[in-house]
Amino acid sequence: MEWNFRSAEELSAALRAGDMTSVELTDEAIARIERDDKVINAICVPDFDRARAAAQRADQARARGEDRPLLGIPVTVKESYNIAGLPTTWGMPPQRNYVPAEDAVQVSRLKAAGAVVLGKTNVPLGLQDIQSFNEIYGTTNNPWDHDRTSGGSSGGSAAALACGFGALSIGSDLAGSLRTPAHFCGIYAHKPTVGLAATRGMVAPPAPALPTDLDLAVVGPMARTARDLSLLLDVMAGPDPLTHGVAYDLSLPPARHERLADFRVLVLDEHPLIPTGSAVRTGVNRVADALVDGGARVERHSPLLPDLTEAATLYTQLLFSSTVARFPVESYEQLRTRAAALNTDDQSLDAARLRGMVFSHRDWIEANTRRELHRHGWRQLFAEFDAVVCPITPTPAFPHDHNPDLLERRIDIDGITYPYFDQLVWAGLATMPGLPATAIPAGRSPAGLPVGVQLIGPMFEDRTVLRLAELLEQKIGGFRPVFP
């Protein structure tokens with residue numbers, strides 16, 4: 001396999017051994033981007049001159065005897081992160097000329113670890129879609145089928161990794177934005193426990209980069225191997241040095257187990273609110289079979305599992321309650337009128353979205369209290385299980401759909417259509433209570449599209465699901481290059 005598709009771990013070993021220089025790796029990555037990205041459109045803001053300069057500095061540092069975690073490794077960064085001197089737009093045309101003066105905290109950590117930043121990857125408008133397209137940078141295509149989406153909102157990063165455009169990338173996740181693109185593009189991603197990795201500087205322009213604690217949203221690593229996820233998470237994890245970092249040091253517990261045979265796993269492939277497509281169900285079952293074959297204890301049902309319908313409704317309300325905070329008063333009043341007209345018996349997710357958009361503070365506090373009850377339920381479940389395996393979305397990557405009215409869009413599941421946003425219920429299963437979740441490849445659909453699953457684990461026990469991901473990669477295989 002050529003250098004562009006090697007893992008960051010392998011590249012680090014090659015650099016230490018003197019088999020390759022960072023300048024050579026960087027030049028190869030840039031050449032591949034210039035050759036292949038015309039049809040993929042993953043790298044929306046290239047930064048090749050500064051990348052080559054950083055690679056030269058990395059080689060000089062290694063010659064002096066330095067050896068940092070990512071020294072000389074080419075990486076990409078989601079467009080939504082501030083990088084000094086480069087535009088941060090979130091795909092919003094009014095912000096096309098916004099250029100921050102300071103790096104996001106995670107970009108600073110990448111650079112301190114020695115990474116070479118090749119550029120920024122594409123996103124949807126305002127990061128608010130399961131696809132990646134906007135008026136400024138255009139559409140990112142799925143490397144496996146250019147008529148389909150790469151996912152969102154970290155779709156550019158996932159496509160870049162699938163194409164060999166750098167060894168690692170950093171993204172963010174509020175509604176599956178790390179996991180869904182990983183699932184659609186056949187790579188790995190990890191949604192950390194909420195609050196584990198500082199988010200300052202991953203903020204919609206032109207807002208200042210403040211060290212705020214986000215609700216639901218996290219930042220996290222993307223890679224082509226499970227071990228690389230752990231490598232990058234170790235760089236990213238830790239409190240913001242401006243706030244909690246003043247007093248707290250990070251100490252994640254080790255994985256609960258090292259052998260597959262010691263894991264206790266609950267496998268889910270059915271949701272009460274949306275069916276699971278046949279291709280994804282096959283992927284879940286493939287992982288379940290690998291677990292059984294490896295000696296793990298696998299169960300398909302547990303009375304300890306929090307109610308999935310209530311969890312999806314609660315997640316939907318919390319997610320959409322934040323989307324209207326900056327709406328004009330007139331638009332907000334229209335939403336209130338529509339919500340008031342809902343039948344009290346309407347418990348659909350469409351109704352939950354509308355009710356969430358007009359939440360009062362009292363409503364939000366009540367929902368947050370119910371979230372804490374769910375968190376307690378998950379703690380009880382993880383006393384009996386080490387991880388939960390389940391879908392990320394009900395289908396593999398779907399065809400591009402740029403209907404500006406997202407509520408009019410539909411998702412096709414084995415020939416039957418459902419509301420577009422209903423597919424978020426699986427992503428929300430981990431997001432709502434703030435649990436860590438690792439997306440891993442689980443095979444291909446009959447049409448040849450990647451299929452992934454997620455491994456959900458206990459809060460702040462990220463290393464447990466990451467270790468399980470490593471073991472499953474060894475058992476069933478993992479990333480497969482899309483290009484020769």
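Note that this is a predicted model, so its numbers are computed, not measured.

S.K.: Sorry, what's going on with the overall build of the protein here?
M.R.: Across its full length, the protein carries 14 helices and 17 strands. For 484 residues, the compact-globule estimate of 2.2 N^0.38 gives 23 Å, and the protein sits close to it at 21 Å. For the protein, the C-alpha atoms occupy an extent of roughly 70 × 55 × 50 Å along the three principal directions. Across the 484 residues that make up the protein, the buried fraction comes to 60%.

S.K.: Before we go on, may I ask you to explain the environment of threonine 323 in this structure?
M.R.: For threonine 323, the position within the fold is in the loop between helix H9 (308-321) and helix H10 (329-340). Classification of threonine 323 by relative accessible area gives partly exposed; the value is 25%. Distance in space between the C-alpha atoms of threonine 323 and arginine 362 is 17 Å, their sequence separation being 39 residues.

S.K.: I would appreciate a short explanation of the sheet that holds strand S1 (residues 43-46) in the present structure.
M.R.: Taken in spatial order, the eleven strands make up an open sheet running S1-S3-S2-S8-S10-S9-S16-S17-S13-S11-S12, and their pairing is mixed. On the outer flanks of this sheet lie S1 and strand S12 (297-299), each paired with one strand and no other. Neighbour-to-neighbour, the strand axes of this sheet turn through a mean angle of 30°, independent of strand direction. Here strand S16 (residues 437-444) runs beside strand S17 (residues 450-456); their pairing, made up of six bridges, is antiparallel. Within S17, the position partnered with threonine 438 by the bridge is leucine 455. Along the sheet, helix H7 (residues 226-236) contacts strand S8 (168-173), strand S9 (188-191), strand S10 (218-223) and S16; its crossing angle with S10, the most-contacted strand, is approximately 145°. Set on the sheet, helix H14 (residues 462-476) makes contact with S9, strand S11 (264-267), strand S13 (387-390), S16 and S17; between it and S16 the angle comes to about 15°.

S.K.: Please clarify how the packing of aromatic side chains should be interpreted in this entry.
M.R.: Given two aromatic rings, one states the distance between the centres and the angle between the planes to describe the pair. Enumeration according to the criterion identifies six aromatic pairs in this entry. Ring centres of phenylalanine 398 and tyrosine 420 lie 5.8 Å apart, and the angle between their planes is 80°; this geometry places the pair in the edge-to-face category. Note that phenylalanine 398 is positioned in the loop between S13 and strand S14 (410-413) and tyrosine 420 in the loop between strand S15 (416-419) and helix H13 (425-431), a separation of 22 residues in sequence. By the burial criterion, phenylalanine 398 is buried, and tyrosine 420 matches it. Among the aromatic residues, ring-to-ring pairing joins Phe184, Phe320, Phe398, Tyr420 and Phe421 into one connected group. Here the guanidinium or amino end of arginine 224 rests over the ring plane of phenylalanine 479, the centre of that ring lying 5.9 Å away. One Lys or Arg, arginine 297, reaches over the ring of phenylalanine 385 and ends 5.1 Å from the middle of that ring.

S.K.: Just to check I follow, could you spell out H9 for this structure?
M.R.: Given 3.6 residues per turn, any residue in an α-helix points the same way as the ones three and four places further on. Taking 1.5 Å per residue as the helical rise, H9 with its 14 residues ought to reach 20 Å, and the 20 Å between its terminal C-alpha atoms agrees with that figure. Taken across its 14 residues, H9 has twelve buried, putting it largely inside the fold. Of the positions making up H9, those classed as buried are Leu308, Ala311, Ala312, Thr313, Leu314, Tyr315, Thr316, Gln317, Leu318, Leu319, Phe320 and Ser321. At its buried positions, H9 is contacted by helix H11 (349-357), helix H12 (361-381) and H13. The opening residue of H9 is aspartate 307, an N-cap whose side-chain oxygen sits 3.2 Å from the backbone nitrogen of threonine 309.

S.K.: Any chance you could explain unusual backbone geometry here in plain terms?
M.R.: What you tend to see is this: most non-glycine residues have negative phi, and most peptide bonds are trans. A cis amide bond links glycine 152 to the next residue, serine 153, at an omega of 5°. The residue serine 153 is located in the loop between strand S7 (145-149) and helix H5 (155-162) in this model. Following proline 205, the chain continues to proline 206 via a peptide bond in cis, the omega torsion being 0°. Checked against the element boundaries, proline 206 lands in the loop between S9 and S10. Even without glycine at this site, leucine 216 takes up a positive phi of about 75°. Mapped onto the fold, leucine 216 is located in the loop between S9 and S10. In this structure leucine 216 comes out as buried when scored by relative accessible area, which is 4%. With phi around 50°, aspartate 414 is a residue other than glycine that occupies positive phi space.

S.K.: So what exactly am I meant to see when it comes to the nonpolar core here?
M.R.: As a rule of thumb, nonpolar side chains are buried together in soluble globular proteins. Counting 67 residues, the largest nonpolar core has Leu70, Tyr81, Val287, Leu291, Val389, Leu455 and Leu468 as its most contacted members. In contact with leucine 455, not counting residues within four places along its chain, are Val388, Val389, Pro436, Ala437, Thr438, Ile440, Val465, Leu468, Ala469 and Leu472.

S.K.: Help me understand the side chain of arginine 109, please; the structure alone is not making it clear to me.
M.R.: In this fold, arginine 109 is placed in helix H4 (residues 105-112). We note that arginine 109 is buried and unpaired, the nearest opposite charge coming from aspartate 240 at a distance of 6.3 Å. A polar atom in the side chain of arginine 109 sits 2.9 Å from the backbone oxygen of proline 239.

S.K.: What is the right way to read H11 from this model?
M.R.: Within H11, seven of the nine residues are buried, leaving the element largely enclosed by the surrounding structure. Along H11, the residues classified as buried are Leu349, Ala351, Ala352, Arg353, Leu354, Gly356 and Met357. Taken together, the buried residues of H11 touch H9, H10, S15 and H13.

S.K.: How should the packing of helix H2 (residues 22-40) against helix H3 (residues 48-63) be read in this particular structure?
M.R.: When two helices pack together, you describe them by how their axes are tilted relative to each other and by the distance separating the axes. Where H2 contacts H3, the axes come no closer than 8 Å and their chain directions differ by 160°. As the angle between them shows, H2 and H3 are arranged roughly antiparallel. Here H2 runs over H3; the crossing is right-handed. Side by side, H2 and H3 meet where Ser22, Val23, Thr26, Asp27, Ile30, Ile33 and Glu34 of the first sit next to Phe48, Ala51, Arg52, Ala55, Gln56, Ala58 and Asp59 of the second. In terms of residue class, the contact of H2 with H3 is made up of seven nonpolar, three polar and four charged.

About the thresholds
Residues numbered from 1 in each chain as written. Predicted model: local features only at pLDDT ≥ 70, side-chain atom pairs only at ≥ 80, totals over all residues. Heavy atoms only, no water. Helix = DSSP H or I, 4+ residues; strand = E, 2+ residues; numbered from the N terminus. Rg over C-alpha atoms; globule rule 2.2 N^0.38 Å. Buried < 20%, exposed > 50% of the residue type's maximum accessible area, 1.4 Å probe, protein only. Pairing = 2+ DSSP bridges. Axes fitted to C-alpha atoms, helices over the stretch in contact; angles between N-to-C directions. Contact = heavy atoms within 4.5 Å. Phe/Tyr/Trp six-rings, centres within 6.5 Å; stacked < 30°, edge-to-face > 60°. Lys NZ or Arg CZ within 6 Å of the ring centre and 35° of its normal. Expected span 1.5 Å × (residues − 1). Polar contact = N/O pair within 3.5 Å; in protein donor to acceptor, adjacent residues only side chain to side chain. Core = buried A, V, L, I, M, F, W, Y, C linked by side-chain atoms within 4.5 Å. Lys, Arg positive; Asp, Glu negative; His and termini not counted. Salt bridge = Lys/Arg side-chain N within 4 Å of Asp/Glu carboxyl O. Parallel < 35°, antiparallel > 145°, perpendicular 65-115°, else oblique. Left-handed = near helix turned anticlockwise from the far one by under 90°. Nonpolar A, V, L, I, M, F, W, Y, C, P; charged D, E, K, R; others polar.

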